[in-house]
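# Residue-level structure breakdown
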Amino acid sequence: MTSDSHARRRFRGVFVRQGAPSRARRRIGAAVRMLAALALAGGVYTAFAPGAFAEDNGQQLSATAQEGKQLFDNSCITCHGRDAQGVPGRGPSLIGVGSASVEFQVGTGRMPMTRQESQAEEKKPQFDKDQTKQLAQYIQELGGGPQLPAGSLTEDLTSNPDALSKGGQLFRVNCTSCHGYGGGGGALSSGKWAPSLHSASAETIYAAMLTGPQNMPVFGDNELTPDQKREIITYVTQQLQQDKDPGGVFNLGRYGPVTEGMAIFGVGMVILVFTALWIAGKS
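Summarised in this report is the structure supplied together with it. Values in this document were obtained by computation on a predicted structure and should not be read as measured data.

What counts, and where the lines are drawn
Residues numbered from 1 in each chain as written. Predicted model: local features only at pLDDT ≥ 70, side-chain atom pairs only at ≥ 80, totals over all residues. Heavy atoms only, no water. Disulfide = S-S within 2.5 Å. Buried < 20%, exposed > 50% of the residue type's maximum accessible area, 1.4 Å probe, protein only. Helix = DSSP H or I, 4+ residues; strand = E, 2+ residues; numbered from the N terminus. Core = buried A, V, L, I, M, F, W, Y, C linked by side-chain atoms within 4.5 Å. Contact = heavy atoms within 4.5 Å. Phe/Tyr/Trp six-rings, centres within 6.5 Å; stacked < 30°, edge-to-face > 60°. Expected span 1.5 Å × (residues − 1). Patch = residues over 30% accessible without salt bridge, like charges linked within 9 Å, V, L, I, M, F, W, Y side chains within 5 Å. Areas by Shrake-Rupley, 256 points an atom, 1.4 Å probe, with all protein chains shown as cover. Salt bridge = Lys/Arg side-chain N within 4 Å of Asp/Glu carboxyl O. Polar contact = N/O pair within 3.5 Å; in protein donor to acceptor, adjacent residues only side chain to side chain. Axes fitted to C-alpha atoms, helices over the stretch in contact; angles between N-to-C directions. Parallel < 35°, antiparallel > 145°, perpendicular 65-115°, else oblique. Nonpolar A, V, L, I, M, F, W, Y, C, P; charged D, E, K, R; others polar.

## With respect to the state of the cysteines
- Counting across every chain of the model gives zero disulfides.
- Counting only cysteine sulfurs, C76 is the nearest neighbor of C79, a cysteine outside any disulfide, at a range of 8.5 Å.
- With a relative accessible area of 31%, C79 lands in the partly exposed category.
- Looking at C175, it has no disulfide partner, and the nearest cysteine sulfur is the one in C178, 8.8 Å off.
- For C175, a relative accessible area of 12% gives the class buried.

Listed below in structure tokens is the structure:
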């Protein structure tokens, strides 16, 4: 083999070794690409959920939210964690639940819970309306979410003669399977229950439809428009809460057809049997 061929081989070997990236350079490049991807993902998440990274200081929280933060740190942080991020086994994260969820849970006394159980029971609220609004504003500014509309929820429909009938139709289609035809509530699975609507306020009903507490589904604006939600509220407040039972004068607990059937079988059939026996004895 000539010296020229040896020289060409050595030249090609040096050229290949010099042109190929070294192992250290490949590792550095991979690390840089990974950091860039993580930074991009973090930037996108921050852009779509800025409230989750909000620092709790006077410059970023409104005055109402600052008051709500103090109430939260004193009464809610044990279960829901710092900045409402949640505590495993105690309470879920509140980021993104919105002020409507707080106004429903806290305004009805369901939160804070007395003890861990299958469902939060309604009781006397521990916070007044102003404090509830402050807590709701704090959670809203932390992570956003559903909010109750401003103003009265029924004043726009009181002059609409069709609101009551439309609300009744919507209630029967969407609500009676759990709350009963008379709004008296009923039992559900796993030790839970649908509460009675006889004393529920318009704000409570609207917030429940927006947030879907417990086993209740969420009725967003795609399922029920704001006007349809108001129509349901009109029916509940003007019909079911005014002792105007759709089934007649005797409400029988307002639990729907079950109580009526039991009354017919247990009372009506007995009367018919004794009447038939009396007629037979007289003949």
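## A look at unusual backbone geometry
- For the peptide bond that leads from M111 to P112, omega is -5°, which places it in the cis range.
- For P112, the position within the fold is in the loop between α5 (98-107) and α6 (129-143).
- If you check the backbone angles, S190 has positive phi at about 60° while not being a glycine.
- By secondary structure assignment, the location of S190 is in the loop between β1 (186-187) and β2 (193-194).
- Under the relative-accessibility criterion, S190 is labelled exposed at 64%.
- Phi at Q214 takes a positive value of approximately 55°, unusual for a residue other than glycine.

## Considerations on the nonpolar core
- In this structure, F171, M209, I232, I233 and V236 are the most contacted members of the largest nonpolar core, which totals 23 residues.
- Broken down by secondary-structure element, the contributors of at least two residues to this core are α5, α7 (163-174), α9 (202-211) and α10 (226-238).
- For this core, the element with the most residues is α9, which contributes seven residues.
- Setting aside chain neighbours within four positions, we find M209 in contact with M216, P217, V218, F219, L224, K229, I232 and I233.

## Remarks on the side chain of T132
- Mapped onto the elements of the fold, T132 is located in helix α6.
- Overall, T132 belongs to the buried group, its relative accessible area being 7%.
- Beyond its immediate chain neighbours, meaning those up to four positions away, T132 contacts V102, E103, V106, G107 and F127.

## Comments concerning the packing of aromatic side chains
- If you walk through the whole model with that rule in mind, you get two aromatic pairs.
- Ring geometry for F72 and Y138: centres 5.5 Å apart, planes at 55°, overall tilted. Here F72, found in helix α3 (residues 63-75), pairs with Y138, found in helix α6; they are 66 residues apart in sequence, far enough to count as distant.
- A relative accessible area of 1% places F72 in the buried class.
- Of the residues examined, Y138 reaches a relative accessible area of 0% and is grouped as buried.
- Here the aromatic rings of F171 and Y235 are separated by 5.5 Å at their centres, their planes lie at 45°, and the arrangement is tilted. Here F171, found in helix α7, pairs with Y235, found in helix α10; they are 64 residues apart in sequence, far enough to count as distant.

## Focus: α7
- Taking 1.5 Å per residue, twelve residues should reach 16 Å; α7 reaches 16 Å between its end C-alpha atoms and fits that length.
- Residues of α7 that are buried include every one of A163, G167, G168, L170 and F171, and no others.
- Its buried side turned inward, α7 meets α8 (176-179) and α10.

## Digging into a nonpolar patch on the surface
- Taken together, the side chains of V270, V273, F274 and L277 make up a nonpolar region of the molecular surface, amounting to roughly 390 Å² of accessible area.
- Among the structural elements, V273 can be located in helix α11 (residues 257-282).
- Classification of V273 as partly exposed rests on a relative accessible area of 45%.

## What about α9?
- Burial analysis of α9 places nine of its ten residues in the buried class, the great majority of the element.
- Taken as a whole, α9 has its buried residues at A202, T204, I205, Y206, A207, A208, M209, L210 and T211.
- Residues of α9 that are buried sit in contact with α5 and α10.
- Two residues or fewer past α9, G212 is found with a positive phi of approximately 65°.

## Details of the environment of E141
- Here E141 lies in helix α6.
- Each C-alpha atom of the pair E141 and S99 lies 8.8 Å from the other, and the pair is 42 residues apart in sequence.
- A polar atom in the side chain of E141 sits 2.8 Å from the side chain of Q137.

## A look at the packing of α7 against α10
- At a closest axis distance of 7 Å, the pairing of α7 and α10 adopts a crossing angle of 95°. Classified by the angle between their axes, α7 and α10 sit roughly perpendicular to one another. On α10, the residues that touch A163, L164, K166, G167, G168, L170, F171 and R172 of α7 are Q228, E231, I232, T234, Y235, V236 and Q238.
- Per-class residue counts for the contact of α7 with α10 are seven nonpolar, five polar and three charged.

Purely geometric numbers; function is a separate question.
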